[in-house]
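# Descriptive analysis of the structure
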Amino acid sequence: MSSQDLNHLNQHFAIASHVRFIEGPGGLVIAEIANTEASASIALQGAHIMTFQPKGQEPVIWLSKFAKFAAGKSIRGGAPVCWPWFGPHATDASLPGHGYARTVMWQVLETRATADGETVLRFGLIDNDSTRAQWPHASSAELTVTVGAALRIELATRNDSPAGFVLGEALHTYFHISDVADMKISGLDGCDFLDKVDGFSRKKQQGPVSIESEVDRVYINVPGDCLIEDQGFGRRIRIASENARSVVVWNPWTEKADKMGDFGPNGHRGMVCVETANALENVVTVAPGETHRMVATYSVEKM
Ligand code: TA6
């Protein structure tokens, strides 16, 4: 990373008492946010929110202590942007799982401080021959992140092509929990889900979700907010969404986490993914000229 890029970023987008840009692990450029409400950090690669911690709270987002930071490699933890497809590509297995957005560079388009003391950052995905070869639709993606006592993430997809296209997307967020045994997830009762651990069989959720083994589920047509109820930390994390009908719940459990190699010993016990998404039968068709905006907002409540 040449110093000019950092100098340029800080000259044009740094805001005192809000945001500055630094070179982080693996040479990744990081937006470091610290305001009166919270702190956060976002890698320009993938517009990848790595950390979020409201003042006086435990971190809300989990980042593996064994995450690998390198150009083109997804970071284990944080809030990876899965776009423009979720999971394996529908027809080409050689393409990256969860799309390419999380491993390519995004550019800073705007930073601003709000009257309420929040920090807003807007990023744009940088297209190139490689991305266009994977996604042959004239389109653009922007991520707008608002860091305050709550964290608001808006993923906007604009269709600049003359034909509609089908979009799969997820904010694949890893949440920091006290321990997986002391946590349950409410808001999914009665929802259908595809159970990826059981051959994508279709099932119906009974009551809250507890995790005692590998869980990998895509909940369909979810009506409202989800809550991570964490007895250990005595808090609830509210996951509110707009224009998203799927929720993915994932914990790899011991064997798969060990195989992945970047969770660390028992790292899976301190995290759970609750992903705001439009996936599988909930994928969306974006019409020509339309901008589709999926939003997730994370806030903390005392139990
Ligand atoms: O969202 C859950 C999931 O699709 C799991 O099946 C697992 O593959 C996870 O995403 C992590 O994927 P990654 O490519 O980040 O290792």
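First things first, this report covers the structure right here in the doc.

Here is what the cut-offs are and how they apply
- Residues numbered from 1 in each chain as written.
- Predicted model: local features only at pLDDT ≥ 70, side-chain atom pairs only at ≥ 80, totals over all residues.
- Heavy atoms only, no water.
- 1 Å grid on protein atoms, 1.4 Å probe; cavity = no way out; pocket = protein on both sides within 12 Å on 5 of 7 lines; lining within 4 Å.
- Points joined across faces, edges and corners; volume = space filled by probe spheres on them.
- Nonpolar A, V, L, I, M, F, W, Y, C, P; charged D, E, K, R; others polar.
- Near = heavy atom within 4 Å.
- Polar contact = N/O pair within 3.5 Å; in protein donor to acceptor, adjacent residues only side chain to side chain.
- Areas by Shrake-Rupley, 256 points an atom, 1.4 Å probe, with all protein chains shown as cover.
- Pairing = 2+ DSSP bridges.
- Helix = DSSP H or I, 4+ residues; strand = E, 2+ residues; numbered from the N terminus.
- Axes fitted to C-alpha atoms, helices over the stretch in contact; angles between N-to-C directions.
- Buried < 20%, exposed > 50% of the residue type's maximum accessible area, 1.4 Å probe, protein only.
- Contact = heavy atoms within 4.5 Å.

## A look at empty space enclosed by the protein
Applying the stated rule across the entire model yields one cavity of 30 Å³ or more. Along its surface, the largest cavity is lined by Gly224, Asp225, Cys226, Ile239, Ser241, Val247 and Thr276. Looking at side-chain class alone, the lining of the largest cavity contains three nonpolar, three polar and one charged residues.

## Considering the site of the ligand
Close to the ligand lie Arg76, Phe86, His98, Arg102, His172, Lys196, Asp216, Val248, Trp250, Met260 and Glu275, which account for all nearby residues. Between an oxygen atom of the ligand and a side-chain N or O atom of Arg102, the distance comes to 2.8 Å. Taking 390 Å² as the accessible area of the ligand by itself, protein coverage stands at 78%. Taken together, the residues that form the shell around the ligand break down as four nonpolar, two polar and five charged.

## Here's the deal with the sheet that holds strand 2 (residues 29-34)
Spatially, the four strands line up as an open sheet ordered 1-2-3-4, and their pairing is antiparallel. Each end of this open sheet is capped by a strand with a single partner; those strands are strand 1 (19-23) and strand 4 (48-54). If you compare each strand with its neighbour and ignore which way they point, the axes differ by 15° on average. Across six bridges, the pairing between strand 3 (residues 38-43) and strand 4 is antiparallel. By the bridge assignment, Ser39 is partnered in strand 4 with Gln53.

## Quick look at the environment of Leu143
With respect to the secondary-structure elements, Leu143 resides in strand 8 (residues 139-147). The class for Leu143 is buried, based on a relative accessible area of 1%. In this view, Leu143 contacts Ala47, Val81, Trp106, Leu121, Arg122, Phe123, Ile153, Glu154, Leu155 and Leu171; residues no more than four positions away in its chain are not counted.

## Topic: the pairing of strand 20 (residues 271-278)
Burial analysis of strand 20 places eight of its eight residues in the buried class, the great majority of the element. Residue alternation in strand 20 divides its side chains into two sets, Met271, Cys273, Glu275 and Ala277 and Val272, Val274, Thr276 and Asn278, and both sets are buried. Here three bridges tie strand 11 (residues 169-171) to strand 20, and the two strands are oriented antiparallel to one another. Bridged to Glu169 within strand 20 is Asn278. Here three bridges tie strand 12 (residues 174-176) to strand 20, and the two strands are oriented antiparallel to one another. Each residue of the ladder has a partner; that of Tyr174, found in strand 20, is Cys273. Examined bridge by bridge, strand 19 (residues 246-251) and strand 20 share five bridges and lie antiparallel to one another. Looking across to strand 20, one finds that Trp250 is bridged to Cys273.

## Let's talk about the environment of Asn10
Topologically, Asn10 is positioned in helix 1 (residues 3-13). Through-space distance from the C-alpha of Asn10 to that of Ala31 is 9.6 Å; in sequence the pair is 21 residues apart. Residues contacting Asn10, with those up to four places away along its chain left out, are Arg20 and Phe21.

## Side note on unusual backbone geometry
Geometrically, the link from Trp83 to Pro84 is a cis peptide bond, its omega value of 0° lying close to zero. Among the secondary structure elements, Pro84 is positioned in the loop between strand 5 (81-82) and strand 6 (106-113). The phi dihedral of Ser17 is positive, around 65°, even though this residue is not glycine. Relative to the assigned elements, Ser17 resides in the loop between helix 1 and strand 1. Phi at Phe200 takes a positive value of approximately 60°, unusual for a residue other than glycine. When you line up the elements, Phe200 lands in the loop between strand 14 (192-195) and strand 15 (201-204).

## As for the sheet that holds strand 7 (residues 119-125)
Pairing is antiparallel in the open sheet, where eight strands are placed in the order 6-7-8-9-22-18-17-13. Looking at strand neighbours, the two that pair on one side only are strand 6 and strand 13 (183-186), the edges of this open sheet. Averaged over all adjacent pairs, the angle separating strand axes in this sheet is 15°, with direction ignored. Sheet topology note: the strand 18 (residues 235-242)/strand 22 (residues 291-302) ladder contains eight bridges and is antiparallel. Pairing of Ile237 across the sheet is with Val300, part of strand 22.

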